[in-house]
Amino acid sequence: MSQTRKRKSAAARRAEIVDTAIRLSAELGPDRVTTQHLADAVGVTQPAIFRHFASKTAIWEAVAEHIVSQVETLRGHEITVAEGNPHDQLHQLVGHHFVHIEKNPAIPAILFSRELQASSEPLRSKFSAFMKSRGDEIAGLIQSAQAAGLHRAEIAADDAAQLVTAAVQGLSLRWLLENRAFDLTAEGGRVIGGLIDGFRA
């Protein structure tokens, strides 16, 4: 006897569409993902996609919200902070960022898609605010390390934080462009870890 297929709630379907957009971004590139791709992958019609999201832009805004929320959850629950040592905390923060990127390879492509950002000011603003928050957190750890005598006092913490952030972004994009041909976490520990160790007093 065949069973009646259970219909998903609106919230569950929206979440499925967002997850699918992220997955297809890793496979196709975010700029190439269409609503027809989403409909085919989810198993619904294209009009059904627009019953859950008013526009394609609204889908990407939901994707941005999901990515930022996911990273913040990681920061709050998965990172075991190295007590009293901001230098080690900085290593840990960067290391877990790379672990998260390896698990979610679409993130750097979505974060730095010129087409997506140009077509959606809310998307650009969301990611810009997120990147600023992460930069401020890195700068704060560097300042704490300076106060503890662990990092050189003459370093400009904000500039150093921008350097670390740019290096993380650059390595993540290289990993993506090279078709994930190397271990991002290991390479991040070597390259970015060496950069951070260069701040030591």
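**Re the overall build of the protein chain**
(1) Moving on: In terms of regular secondary structure, the protein chain is built from 10 helices and zero strands.
(2) Moving on: Mapped in sequence order, the helices and strands of the protein chain form the string α-α-α-α-α-α-α-α-α-α.
(3) Moving on: C-alpha extents for the protein chain along the principal axes are approximately 70 × 40 × 30 Å.
(4) Moving on: Within the protein chain, the fraction of its 201 residues that count as buried is 40%.

**A few points about empty space enclosed by the protein**
(1) Moving on: One pass over the structure, following the stated rule, counts two cavities of 30 Å³ or more.
(2) Moving on: Looking at the largest cavity, it is lined by 16 residues, and the ones nearest its centre are His97, Met131, Arg134, Thr165 and Val168.
(3) Moving on: The set of elements that each furnish at least two residues to the lining of the largest cavity consists of helix H5 (86-103), helix H6 (106-111), helix H8 (121-147) and helix H9 (157-177).
(4) Moving on: The element that contributes the greatest number of residues to the lining of the largest cavity is H9, accounting for five residues.
(5) Moving on: Of the residues in the lining of the largest cavity, the class split is 11 nonpolar, four polar and one charged.

**A look at unusual backbone geometry**
(1) Moving on: The phi dihedral of Asn179 is positive, around 60°, even though this residue is not glycine.
(2) Moving on: Structurally, Asn179 can be placed in the loop between H9 and helix H10 (184-197).
(3) Moving on: Exposure remark for Asn179: the relative accessible area of 63% places this residue in the exposed category.
(4) Moving on: Of note, the phi angle at Arg180 is positive, near 55°, even though the residue is not glycine.

**With respect to the packing of H9 against H10**
(1) Moving on: The contact between H9 and H10 brings their axes to 11 Å, and the two run at 155°. The pairing of H9 with H10 is recorded here as roughly antiparallel in orientation. Handedness of the H9/H10 crossing: right-handed. Residues Leu163, Val164, Ala167, Val168, Leu171, Ser172, Arg174 and Trp175 of H9 pack against Leu184, Glu187, Gly188, Ile192, Leu195 and Ile196 of H10.
(2) Moving on: Here the contact of H9 with H10 is built from residues that sort into 10 nonpolar, two polar and two charged.

**Re the side chain of Ser25**
(1) Moving on: Secondary-structure assignment places Ser25 in helix H1 (residues 10-28).
(2) Moving on: Ser25 gets classed as buried once you look at its relative accessible area, which sits at 2%.
(3) Moving on: At 2.7 Å, the side chain of Ser25 and the backbone oxygen of Ala21 are in polar contact.
(4) Moving on: Apart from the residues lying within four places of it in its own chain, the contact partners of Ser25 are Pro30, Val33, Trp60, Ala106 and Ile110.

What counts and how
- Position labels on residues start from 1 in each chain and follow its written sequence.
- Since the coordinates come from a predicted model, pLDDT governs what is reported: local features require at least 70, and pairs of side-chain atoms require 80 or more to be given and counted, while whole-chain, interface and lining totals use all residues.
- The basis for every side-chain value is the complete set of non-hydrogen atoms in the structure, without hydrogens or water.
- Note on conventions: DSSP H or I runs of at least 4 residues are helices, E runs of at least 2 residues are strands, and numbering of each starts at the N terminus.
- Any residue under 20% of the maximum accessible area for its type is buried, any over 50% is exposed, and the rest in between are partly exposed; the area is computed with a 1.4 Å probe on protein chains only.
- Using a grid of 1 Å spacing that covers the protein atoms alone, one calls a set of points a cavity when a 1.4 Å probe fits there but cannot get out, and a pocket when the set is open and has protein on both sides within 12 Å along at least five of seven lines; lining residues are those with an atom within 4 Å of a point.
- Grid points are joined across faces, edges and corners, and a volume is the space filled by probe spheres set on the points.
- In this classification, Asp, Glu, Lys and Arg are treated as charged, Ala, Val, Leu, Ile, Met, Phe, Trp, Tyr, Cys and Pro as nonpolar, and every other residue, Gly included, as polar.
- Simply put, an axis is a line fit to the C-alpha atoms, just over the touching stretch for a helix, and the angle between two N-to-C directions goes from 0 to 180 degrees.
- Any angle between 65 and 115 degrees counts as roughly perpendicular, while under 35 counts as roughly parallel, over 145 as roughly antiparallel, and the rest as oblique.
- Left-handed describes a crossing whose near helix is turned anticlockwise from the far helix through less than a right angle; right-handed describes the clockwise counterpart.
- The contact rule is simple, with two residues in contact once any of their heavy atoms fall within 4.5 Å.
- Counting of polar contacts relies on pairs of N or O atoms within 3.5 Å, with two restrictions inside protein: one atom must be capable of donating a hydrogen and the other of accepting it, and residues adjacent in sequence are counted only when both atoms are side-chain atoms.

Geometry only, nothing functional implied.
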